Amino acid sequence: MELQWPLILFTFFLCVAGGTLAMQGLLAVLGRGKQMQVPSLIVAAAALVVGGISVFLHLEHWERIFNGFGHITSGITLEFIFCIVFAVVLVLYFLMMHRSEEGVAPKWVGVIAIVAGLALCAVTGDSYLMSALPVWDTVMLPVYYVVDACFLGALVGMVIAGAVKCSDAFAITSKVALVAGIVQCVVLVIYAVLINNMGGMFTEVTYYFDPTLPDVGMVDTDAVVGSILTGSNALAYWAGVQLVGVVVPVVLAFLALRANAAAKLVSYGALGLACAVAGAFIWRCLLYMVAVLALPFFYGCAGLTAVETPRPPRPPVVRHLAVHRCLGAHLVPFGLSTKRNGLTLRFPAAPTLAFPGFPSRPKGRSAALQGNCRHCGNPRLLEWSCYAALAEIEFLSLWWTAGIENRTRGASIRICPALRNAGAPLVFRLSRAEQLTPPPVASLWETCTCHIDVREKRREHGRQDERAARRRCSRGCNGC
Amino acid sequence: MANYAIVTDLNRCTGCLACTVACKAINGVDVGNFWIKTLRIGPHPTESGSGHYPDVEMYFLPVQCQHCSNPECVRVCPTEASHVAADGTIQIDKEKCIGCQFCAMACPYGVRYLNESEKVVEKCTLCEQRIQQGELPQCVAQCGARARFFGDLDQGVDNFEGPAHPDSPGCQYDEMTKTRVKLKDYVEAYTSSDIHHLTDTGNAPKLMYILREGRKWRA
């Protein structure tokens, strides 16, 4: 699946926020970390805000954000609710901290902070459990988020403890970072092995072809799920996720524990945090890269397909040129016409593309392709008045059936009535090869549009051409 | 109320892509988005064959929203934009959609697409605007091989209807569009074991595919 960076950032910052609050809650339960409280709350709040902004960027209609509370049991709604609960707990902690005589929040607030911090991460992971994506549909995902929160929160705690010289928190933050790091290493190994053995969870369709994605190879699910431990993503996993993301911070936490000095805590903690952050991002990216649907016709979901097939660019001029190449004609600006291989492409005097940003199509104007009707062999015009239809042909192999006459978005495709009346569903195909080279006349779809032809010719060229058009119509093409 | 679905006879489907094109035409689907797409499954070597041509088999598979009985997309939607309509189809209220695309991730069949101009997710509506008026979905009406039939599951798949003349296969197009035939009267005989569904990950897809003996169902 395409990497969804807003969601990657969202889950990461939520883990930072939850872990920081949970670490501070643990210190409150132990009656320690008085000087760390305000900085920890600030870091947790800031991480929550940054994560919230990140997920905002993911939404197409951010102004409808409050619709997100419309389905109480959906994962996203629960995330929203727990974010609000988290913010309330932050405020509660702050108030109770000030209210306390010792200046440290009471133990019960510490417990609430731990629960709120870790629950936020667990709910976030739970929202990604989708049976359509076997790699994500495992309890290891929320477990990873919770453990990652503990790890990142402890490392943040080390940095804060060293920075504010809160000596009673030096040892505990380092120990938690050490233990959480070791647990994270184990969790990641279990998760990677689990993914590696998920090949049987995908439907086995050995050979298939998707004409909407002709340049995308078949999904090899065994290669995808096997890529983490020993395949193409093994280096990223072992070096990035485990070595840099876990082993290095764990070693640094151990050294900080032994040093038990503020300066060491800050330096080791900051370096360890940077490495853990890198590992966290790499693992989240890997989870997106191996996300394949249970019915594996596409990498991830079709609308968020693999990066190998970015959507075609939409600059209008380029599309115009490509359309002409496809049909074997030159770019014809502003009222000129050209002829190649028996095909004539004529354009009106004003741009008529029906895309946003283009001038609106003048009424009655259209482009026309002239060729020979496959049924009666007479020269005919095939008219399009919306180039969206042409662009489809450029990028895909399509089959058009007789009888389609569609005016949606101004597309207007006339099919020879004789062909239609024959009853047989007539199909024309523009193959990929034909799109790239000037096609011979017989291979394109030429139909007669006699009535349109007459009308256009009458408007543009006067009645003389109309008579000529009518003579052609009378040469045996039924219904013209 | 009704429980609408579509059945596709894969032994008749020729992969003409008429359904794909008809859907795009009638619904104005964005370039690059496909509410229904026809895949080619195979060719695969036949069992107990030589392992290579000519002992191969293939079929075409139109994949669209399966209007599931237990839809994952509805479960994950935070705004209830994706919902189960009264007629059993899954519809999207575009006024509510926030474009989070979680439904697109949750769909096992990859048939949901973001409409980048309207910034909401779209998918097959089973041509709600047509079936409410007693017409057939466009992909059924336009099927090049008369392989697709539409109807109410509560009345049995045998009674699903397609646009064809019961007596005259070669009738004129305009006449054909005004007539209906039932599945059991039009296609070759089939049994319940010939009726298949796409991979079920707990979502219980409702759309059916008939694939008779001779070809192995793989999806």
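Residues numbered from 1 in each chain as written. Chains lettered and ligands numbered in written order. Predicted model: local features only at pLDDT ≥ 70, side-chain atom pairs only at ≥ 80, totals over all residues.

### Focus on the sheet that holds strand E3 (residues 56–64) of chain B
Pairing between sheet strands relies on hydrogen bonds along the backbone, with the strands arranged either parallel or antiparallel.
Thinking step 1. Taken in spatial order, the three strands line up as E1(A)-E2(B)-E3(B) in an open sheet, and their pairing is antiparallel. The strands lining the two open edges of the sheet, one partner per strand, are strand E1 (208–209) of chain A together with E3 of chain B.
Thinking step 2. Strands strand E2 (36–45) and E3 of chain B of the sheet are contacted by helix H1 (residues 18–27) of chain B, whose axis makes an angle of about 165° with E2(B). (Pairing = 2+ DSSP bridges. Helix = DSSP H or I, 4+ residues; strand = E, 2+ residues; numbered from the N terminus. Contact = placed C-beta atoms within 7 Å. Axes fitted to C-alpha atoms, helices over the stretch in contact; angles between N-to-C directions.)

### Focus on the environment of A:Gly269
All names here are of chain A.
Thinking step 1. With respect to the helices, strands and loops of the structure, Gly 269 is situated in helix H9 (residues 262–289).
Thinking step 2. C-alpha separation for the pair Gly 269 and Ala 161, spaced 108 residues apart in sequence, amounts to 9.6 Å.
Thinking step 3. Among all residues touching Gly 269, those that are not within four sequence positions of it are Leu 155, Met 158, Val 159, Gly 162 and Ala 256.

### Notes on the nonpolar core
Residues and elements named next belong to chain A.
Thinking step 1. Formed by 183 residues in total, the largest nonpolar core has its most connected members in Ala 113, Leu 155 and Val 290.
Thinking step 2. When residues of this core are assigned to their parent elements, the largest contribution, 17 residues, is made by helix H5 (residues 140–164).
Thinking step 3. Excluding its chain neighbours within four sequence positions, the residues that come into contact with Leu 155 are Ala 177, Pro 249, Gly 269, Gly 272, Leu 273 and Ala 276. (Core = buried A, V, L, I, M, F, W, Y, C linked by C-beta atoms within 7 Å. Buried ≥ 20, exposed ≤ 12 C-beta atoms within 10 Å, placed from the backbone.)

### Brief notes about the packing of H5(A) against H9(A)
All names here are of chain A.
Thinking step 1. Two numbers describe how H5 lies on H9: the axes approach to 7 Å, and their chain directions differ by 150°. As judged from the angle between their axes, H5 and H9 are roughly antiparallel. Viewed along their axes, H5 and H9 form a crossing whose handedness is left-handed. Residue-level contacts link Asp 148, Phe 151, Leu 152, Leu 155, Val 156, Met 158, Val 159, Ala 161, Gly 162 and Ala 163 of H5 to Ala 262, Ala 263, Leu 265, Val 266, Gly 269, Ala 270, Gly 272, Leu 273, Ala 276 and Ala 280 of H9.
Thinking step 2. Class assignment of the residues belonging to the contact of H5 with H9 gives a composition of 16 nonpolar, three polar and one charged. (Parallel < 35°, antiparallel > 145°, perpendicular 65-115°, else oblique. Left-handed = near helix turned anticlockwise from the far one by under 90°. Nonpolar A, V, L, I, M, F, W, Y, C, P; charged D, E, K, R; others polar.)

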